[in-house]
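Structural overview for review
For reference, the chains in residue letters:
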Protein chains: 6
Amino acid sequence: MDEKWNHFDEAGNAVMVDVSEKAVTVRTASAAGAIRVNAEVMDAVVHGNVKKGDVLGVARVAGIMAAKQAWSLIPMCHPLCIRKCAVDFETDEEKLEIRAISTVKVEEKTGVEMEALTAVTVALLTIYDMCKAIDRGMEITDVRLLAKTGGRSGDITYG
Amino acid sequence: MDEKWNHFDEAGNAVMVDVSEKAVTVRTASAAGAIRVNAEVMDAVVHGNVKKGDVLGVARVAGIMAAKQAWSLIPMCHPLCIRKCAVDFETDEEKLEIRAISTVKVEEKTGVEMEALTAVTVALLTIYDMCKAIDRGMEITDVRLLAKTGGRSGDITYG
Amino acid sequence: MDEKWNHFDEAGNAVMVDVSEKAVTVRTASAAGAIRVNAEVMDAVVHGNVKKGDVLGVARVAGIMAAKQAWSLIPMCHPLCIRKCAVDFETDEEKLEIRAISTVKVEEKTGVEMEALTAVTVALLTIYDMCKAIDRGMEITDVRLLAKTGGRSGDITYG
Amino acid sequence: MDEKWNHFDEAGNAVMVDVSEKAVTVRTASAAGAIRVNAEVMDAVVHGNVKKGDVLGVARVAGIMAAKQAWSLIPMCHPLCIRKCAVDFETDEEKLEIRAISTVKVEEKTGVEMEALTAVTVALLTIYDMCKAIDRGMEITDVRLLAKTGGRSGDITYG
Amino acid sequence: MDEKWNHFDEAGNAVMVDVSEKAVTVRTASAAGAIRVNAEVMDAVVHGNVKKGDVLGVARVAGIMAAKQAWSLIPMCHPLCIRKCAVDFETDEEKLEIRAISTVKVEEKTGVEMEALTAVTVALLTIYDMCKAIDRGMEITDVRLLAKTGGRSGDITYG
Amino acid sequence: MDEKWNHFDEAGNAVMVDVSEKAVTVRTASAAGAIRVNAEVMDAVVHGNVKKGDVLGVARVAGIMAAKQAWSLIPMCHPLCIRKCAVDFETDEEKLEIRAISTVKVEEKTGVEMEALTAVTVALLTIYDMCKAIDRGMEITDVRLLAKTGGRSGDITYG
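These numbers were taken from a predicted model, which means no experiment stands behind them. (Residues numbered from 1 in each chain as written. Chains lettered and ligands numbered in written order. Predicted model: local features only at pLDDT ≥ 70, side-chain atom pairs only at ≥ 80, totals over all residues. Heavy atoms only, no water.)

1. Let's talk about the packing of helix H4 (residues 113-131) of chain A against helix H4 (residues 113-131) of chain B
At their nearest, the axes of H4(A) and H4(B) sit 11 Å apart, and the two run at 165° to each other. Here H4(A) is positioned roughly antiparallel relative to H4(B), judged by the angle of their axes. In this structure, H4(A) meets H4(B) at a crossing whose hand is right-handed. Residues Met114(A), Leu117(A), Thr118(A), Thr121(A), Leu125(A), Tyr128(A) and Asp129(A) of H4(A) form the contact with H4(B), whose own contacting residues are Met114(B), Leu117(B), Thr118(B), Thr121(B), Leu125(B), Tyr128(B) and Asp129(B). Here the residues of the contact of H4(A) with H4(B) sort into eight nonpolar, four polar and two charged. (Axes fitted to C-alpha atoms, helices over the stretch in contact; angles between N-to-C directions. Helix = DSSP H or I, 4+ residues; strand = E, 2+ residues; numbered from the N terminus. Parallel < 35°, antiparallel > 145°, perpendicular 65-115°, else oblique. Left-handed = near helix turned anticlockwise from the far one by under 90°. Contact = heavy atoms within 4.5 Å. Nonpolar A, V, L, I, M, F, W, Y, C, P; charged D, E, K, R; others polar.)

2. Considerations on the pairing of strand E2 (residues 84-92) of chain E
Of the strand pairs in this sheet, E2(E) and strand E3 (residues 97-108) of chain E are connected by nine bridges, and their pairing is antiparallel. When the sheet's bridge partners are listed, Glu90(E) is paired in E3(E) with Arg99(E). (Pairing = 2+ DSSP bridges.)

3. With respect to the relation of the copies chain A and chain B
For the pair chain A and chain B, the relating rotation is 180°, the translation along its axis is 0.0 Å, and the fit reaches an RMSD of 0.0 Å. Considering both components of the superposition, the chain copies are consistent with a two-fold axis. Among all residues of chain A, the one whose C-alpha sits closest to the rotation axis is Thr141(A), at a distance of 2.0 Å. A share of 98% of the interface residues of chain A reappears at the interface of chain B, consistent with the copies meeting face to face through the same patch. (Least-squares fit on C-alpha atoms with pLDDT ≥ 70 in both.)

4. Focus: the nonpolar core
Counting residues in hydrophobic clusters, the biggest one holds 342 residues, and the most contacted among them are Ile127(A), Ile127(B), Ile127(C), Ile127(D), Ile127(E) and Ile127(F). If sequence neighbours within four positions are ignored, Ile127(A) has contacts with Ile35(A), Val55(A), Leu56(A), Ala59(A), Phe89(A) and Ile98(A). (Core = buried A, V, L, I, M, F, W, Y, C linked by side-chain atoms within 4.5 Å. Buried < 20%, exposed > 50% of the residue type's maximum accessible area, 1.4 Å probe, protein only.)

5. Remarks on the environment of Lys109(C)
Residue placement: Lys109(C) occurs in the loop between strand E3 (97-108) and helix H4 (113-131). Owing to a relative accessible area of 8%, Lys109(C) belongs among the buried residues under this scheme. When the C-alpha atoms of Lys109(C) and Val26(C) are compared, they prove to be 8.8 Å apart, with 83 residues separating the residues in sequence. Other than its neighbours up to four places away in sequence, Lys109(C) contacts Arg83(B), Glu107(B), Val19(C), Ser20(C), Lys22(C), Ala23(C), Val24(C) and Arg27(C). At 2.8 Å, the side chain of Lys109(C) and the side chain of Glu107(B) are in polar contact. From its side chain, Lys109(C) meets the backbone oxygen of Ser20(C) in a polar contact 2.6 Å long. (Polar contact = N/O pair within 3.5 Å; in protein donor to acceptor, adjacent residues only side chain to side chain.)

6. Description of the interface of chain C and chain F
Taken together, the four residues of chain C in the interface contact four residues of chain F. Overall, the association of chain C and chain F removes approximately 320 Å² of surface from exposure, summing both partners, and the carbon and sulfur fraction of that is 89%. Looking at the side of chain C facing chain F, the largest losses of area belong to Val58(C), Val61(C) and Met65(C), adding up to 83% of the total buried there. One can count zero salt bridges joining chain C with chain F. Inspection of the region where chain C meets chain F yields zero residue pairs in polar contact (both at pLDDT 80 or more). Taken together, the residues of the side of chain C that touches chain F sort by class into three nonpolar, no polar and one charged. (Buried area = accessible area lost by both parts, 1.4 Å probe. Salt bridge = Lys/Arg side-chain N within 4 Å of Asp/Glu carboxyl O.)

7. Details of the arrangement of the chains
Chain A makes no contact with chain C; the smallest distance between any of their C-alpha atoms is 10 Å. These two, chain B and chain F, are apart from each other, with no contact and a minimum C-alpha gap of 10 Å.

8. A closer look at unusual backbone geometry
Most peptide bonds take the trans configuration, and most residues that are not glycine carry a negative phi. Residues and elements named next belong to chain A. Residues other than glycine seldom take positive phi values, yet Leu 96 does so here, at roughly 55°. Secondary-structure assignment places Leu 96 in the loop between strand E2 (84-92) and strand E3 (97-108). On the basis of relative accessibility, which here comes to 25%, the residue Leu 96 falls in the partly exposed class.

9. Focus on helix H4 (residues 113-131) of chain E
Given a rise of 1.5 Å per residue, 19 residues ought to cover 27 Å, and the 27 Å separating the end C-alpha atoms of H4(E) matches this to within 8%. Where burial is concerned, most of H4(E) is hidden: 19 out of the 19 residues are buried. (Expected span 1.5 Å × (residues − 1).)

10. Let's talk about the packing of aromatic side chains
Under the defined criterion, the tally for this structure stands at six aromatic pairs over all chains. Seen from their ring centres, Trp71(B) and Trp71(C) are 6.3 Å apart, and the 50° between their planes marks the pair as tilted. Separated into two different chains, Trp71(B) in helix H3 (residues 70-73) and Trp71(C) in helix H3 (residues 70-73) make up a pair that spans both. Owing to a relative accessible area of 5%, Trp71(B) belongs among the buried residues under this scheme. Clustering of aromatic rings is evident, with ring pairs tying together Trp71(A), Trp71(D) and Trp71(F). (Phe/Tyr/Trp six-rings, centres within 6.5 Å; stacked < 30°, edge-to-face > 60°.)

11. Notes on the UniProt feature "binding site: substrate" (unreviewed entry) in chain A
Residues given the UniProt feature "binding site: substrate" (unreviewed entry) here are Met76(A), Cys77(A), His78(A), Met114(A) and Glu115(A). Spanning 40 residues, the named residues nonetheless gather at one spot, since no C-alpha pair among them exceeds 12.8 Å. Leave out the neighbours within four places in its chain, and Met76(A) touches His7(A), Ala14(A), Val15(A), Met16(A), Val58(B), Asp129(B), Met130(B), Val61(D), Ile64(D) and Lys68(D). For Cys77(A), the location among the structural elements is in the loop between helix H3 (70-73) and E2. Setting aside its immediate chain neighbours within four residues, Cys77(A) contacts Met16(A), Ala70(A), Trp71(A), Met114(A), Glu115(A), Asp129(B) and Lys68(D). (UniProt positions renumbered as here; feature names shortened; annotations may be inferred.)

12. Considerations on the pattern of salt bridges
Tallying each qualifying case throughout the model produces 60 salt bridges over all chains. As a salt-bridge pair, Asp88(A) and Arg60(A) come within 3.9 Å of each other at their nearest N and O atoms. Note that Asp88(A) is positioned in strand E2 and Arg60(A) in helix H2 (residues 55-67), a separation of 28 residues in sequence. Close ionic contact of Asp18(B) with Lys105(E) constitutes a salt bridge, the shortest N to O distance being 2.7 Å. On the criterion of chain membership, the pair formed by Asp18(B) in the segment before strand E1 (25-36) and Lys105(E) in strand E3 is interchain, its members lying in two chains. The class of Asp18(B) is partly exposed, set by a relative accessible area of 32%.

13. Points about the environment of Asp155(D)
Residues and elements named next belong to chain D. With respect to the secondary-structure elements, Asp 155 resides in the loop between strand E4 (139-149) and strand E5 (156-157). Judged by its relative accessible area of 63%, Asp 155 falls in the exposed class. Here the alpha-carbon distance between Asp 155 and Leu 124, two residues 31 residues apart in the chain, equals 26 Å. Within the structure, Asp 155 has its side chain in polar contact with the backbone nitrogen of Gly 150 (distance 3.1 Å).

So this is what it looks like as structure tokens:
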């Protein structure tokens with residue numbers, strides 16, 4: 001079997017792959033994603049004040065907490081004790097998009113791409129939840145890895 | 001304050017809104033999303049056999065289990081005992097997209113949009129995890145609600 | 001497809017089955033299981049005193065807490081708000097067996113067999129964990145349903 | 001107090017024992033267990049095809065995910081970041097038994113017996129859950145450690 | 001045995017008590033607690049601005065999410081699907097105390113005191129965590145029930 | 001920004017701080033807290049026998065299990081694999097107080113204060129839960145750090 005399909009054994013059964021031979025290095029991953037919202041949601045989020053509440057503040061907490069749970073949500077994902085997690089947001093009022101960007105860091109034998117992606121998706125799902133009474137047509141999109149460092153494949157920045 | 005911003009109290013503080021006045025009805029929600037993959041991933045997933053293992057089978061289990069955890073991941077989301085959850089997949093070999101579709105059902109005072117969306121996103125994240133050694137440029141996209149039934153807003157199908 | 005194989009849809013994909021058409025009734029389930037231990041473990045557990053600590057007390061708490069988590073451990077198991085859970089133990093000093101018996105109660109559309117079985121197995125695993133430094137040959141055995149009441153199939157006692 | 005009863009302090013109170021003085025080594029554990037089923041279940045599982053669905057595939061995922069949760073289920077069990085987990089199945093059509101075998105690996109100060117045993121029991125409970133509409137007399141049995149390596153007690157294979 | 005000690009059976013063993021005979025009513029509980037901080041912490045929290053970040057906002061989210069987990073933390077606590085949860089804060093700059101107040105609502109056979117108390121304690125622990133680099137002498141105090149409504153004991157306000 | 005407010009980035013957004021530059025050392029933390037109860041509760045707990053059941057035994061298990069979950073409850077708290085956890089109790093029959101004391105140990109880049117404090121608070125909440133039918137005026141108080149060792153700030157004993 002192709003070595004790259006390492007989430008399966010020779011019989012094709014799913015397996016949490018053995019990473020014990022890999023080196024412990026500092027590894028980081030950064031991911032991003034966006035949610036498309038209507039003008040009313042964008043206005044409230046961007047000009048958020050006491051009256052409208054802090055949608056992005058709640059979404060940030062949710063994203064950070066979810067990064068810590070990636071291993072319990074994704075079946076073949078290794079448990080990891082992450083060392084750092086940040087989630088930030090950018091708002092594009094013209095394109096009516098709120099963008100979430102996460103950064104996760106660990107010193108481990110395996111990377112933190114899934115932690116970074118989980119942080120982004122749960123942060124965006126939280127925005128969806130808190131705004132769904134206003135906008136029923138929101139869409140989560142463009143969720144992808146931005147960059148990773150550490151590990152055998154070295155440092156990579158994605159287009 | 002605008003009643004629609006009901007995830008915040010009058011002072012703008014986040015709150016899990018009171019749904020006790022709402023009616024218990026059968027409510028369903030269906031959501032979809034896609035992951036863009038390269039040809040090698042698509043080939044393995046579509047012509048999946050014992051050798052390559054059952055990527056979608058694992059992703060389906062992950063999505064269903066995640067639907068049950070939506071309330072623990074999304075801060076202001078109400079805990080619910082869902083009655084049904086299914087996750088299916090469609091593959092578009094030309095567009096190189098795998099699409100996940102979820103359906104969730106409940107008899108409750110509040111809807112299951114977030115459960116359906118969480119099922120889809122975690123199913124797609126699981127595909128990402130199991131194929132990331134092959135394709136480093138995958139992207140999760142088009143995550144949105146397809147339809148909902150039950151509740152005060154009645155039955156809605158999204159475009 | 002055979003209706004009894006209802007954990008799969010027509011395409012053979014795993015699904016959390018729709019129980020919304022079933023009746024809400026009081027449902028109970030009782031399960032049992034045993035762990036075979038050596039004489040040293042049996043002596044300590046049976047004549048347990050302050051010096052040896054309360055192995056069964058810890059195992060009881062673990063079993064009750066696990067019953068509440070059955071739905072999060074078993075993929076197609078429905079989330080339920082159980083109304084009662086008890087775990088008891090019997091020790092057979094001749095056969096060198098400690099037997100765990102659980103009872104779970106709910107008012108729901110689906111039964112609590114899995115909750116009762118999960119309580120028993122986690123209680124026995126906890127005994128294993130706390131005694132494994134003494135006895136390396138312990139074995140968990142005879143885990144099965146004792147009885148269930150409520151639901152369409154009525155009251156059943158197993159042999 | 002007997003040093004082997006190290007899950008209790010001198011007063012007999014349960015304690016999560018201090019493992020900080022132990023050596024970090026590669027440690028593995030392998031466990032097995034079986035579920036006795038009737039002929040109808042065995043036939044469906046062995047000749048499993050699209051129509052009947054992949055019972056063992058779902059059970060494998062459940063077992064691997066449960067190995068990661070052993071520390072949260074078993075009160076005095078230390079949290080661990082496991083490096084590998086596999087769950088396999090053997091079917092004995094004559095004895096009408098499905099056997100689950102797990103292997104878990106870690107580099108830590110304490111072993112992974114409980115992770116291996118938890119993987120096996122939750123995999124078997126999942127088979128139970130998915131087949132319980134067909135067979136009401138299933139029984140989980142013979143759950144035990146097969147082998148362990150690493151740690152002070154060295155490599156051990158159980159009879 | 002005294003009926004009031006209903007968390008134990010006749011043999012003195014801990015049990016999750018049977019609440020199935022109780023009436024489903026709307027039940028609320030409100031709890032409060034405080035954390036004593038030094039002047040530097042109080043100043044930052046009260047005059048919190050972008051530079052200092054929103055300690056109370058994060059603590060509020062943590063408290064609400066913890067209310068949903070009370071049943072998984074407290075062994076004999078019944079799982080419940082809460083309908084509403086709010087956590088608010090008051091700051092007393094003279095006494096150097098930050099006070100958390102929670103309100104939880106449910107329609108169930110058992111009350112939500114533990115959910116309200118868990119929300120308060122985890123909110124206060126979160127403040128502790130985020131300020132512990134500044135003040136090493138913080139103290140959580142005065143955690144108690146303020147009021148409850150619904151249930152057999154009727155509406156009660158505590159002094 | 002003040003370096004001590006390290007749970008926030010320069011823009012004031014909450015962040016799980018980067019601890020990867022810190023040294024791995026053995027770190028311990030000890031915390032304490034008390035619950036004020038009425039005479040009936042104190043009598044039952046102190047003279048606890050089979051009839052009344054082992055309130056403190058259940059609370060100890062709950063506290064130890066909660067220490068392992070501190071990182072999942074407290075948003076910016078780092079996940080850690082704790083090496084040891086103990087929870088003890090002292091009863092002061094005159095002051096009608098039950099005091100919980102926890103000790104947690106780890107070899108990590110960050111301390112275990114939050115784990116020790118979480119163990120104490122959940123142990124006290126469990127006592128509250130099991131005795132709330134007897135005493136409606138209980139109060140949790142004096143929850144604070146007793147001592148910590150390891151880490152840059154060295155060994156500290158609190159007054």
